[in-house]
Amino acid sequence: MSEARLLSLVLRYPHRTALARHARDGAVFAALRRLELSGLVRRQRAEYRLTRRGRDELALTRALARLTARAL
C-alpha cells in the first residue's frame, strides 16, 4: 500500500478498528509505525491523526497526481 493511500485512509478513518477494516493488509500497522516515526502521523490511544506535515504531504501527492493525469 502506498504512503499516500495510507495517509488518506488515516484522514478518513482515524480509529484503529476502522482502519484495519478498510485497509485489509496485515502490514498496515507496521507502515503506520514508519509514518509515525517520520512525523506524518500521530497516535493517541486508539486513533491516528495526520500531523500538519502529513496533511501537507498528502496535499502535495494529490496535486502531483492531478498534474500527471492532466499531462497524459
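Below: a short report on this structure. This one's a predicted model, so the numbers in the text were calculated from it and none came from an experiment. (Residues numbered from 1 in each chain as written. Predicted model: local features only at pLDDT ≥ 70, side-chain atom pairs only at ≥ 80, totals over all residues. Heavy atoms only, no water.)

## Brief notes about unusual backbone geometry
Working step 1: Unlike most non-glycine residues, R45 shows phi in positive territory, near 55°.
Working step 2: The residue R45 is located in the loop between β1 (41–44) and β2 (47–50) in this model.
Working step 3: Taking relative accessible area as the criterion, R45 reaches 85% and is therefore assigned exposed. (Helix = DSSP H or I, 4+ residues; strand = E, 2+ residues; numbered from the N terminus. Buried < 20%, exposed > 50% of the residue type's maximum accessible area, 1.4 Å probe, protein only.)

## Describing the pairing of β2
If a strand is regular, its side chains alternate between the two faces of the sheet.
Working step 1: Of the two faces of β2, only one is covered, namely that formed by Y48 and L50; the face formed by E47 and R49 stays uncovered.
Working step 2: Bridge analysis of β1 against β2 gives four bridges, and the strand direction is antiparallel. By the bridge assignment, R43 is partnered in β2 with Y48.
Working step 3: Counted along the chain from β1 to the antiparallel partner β2, the turn is two residues long, and its residue R45 has a positive phi close to 55°. (Pairing = 2+ DSSP bridges.)

Interpretation in functional terms is not warranted from these geometric data alone.
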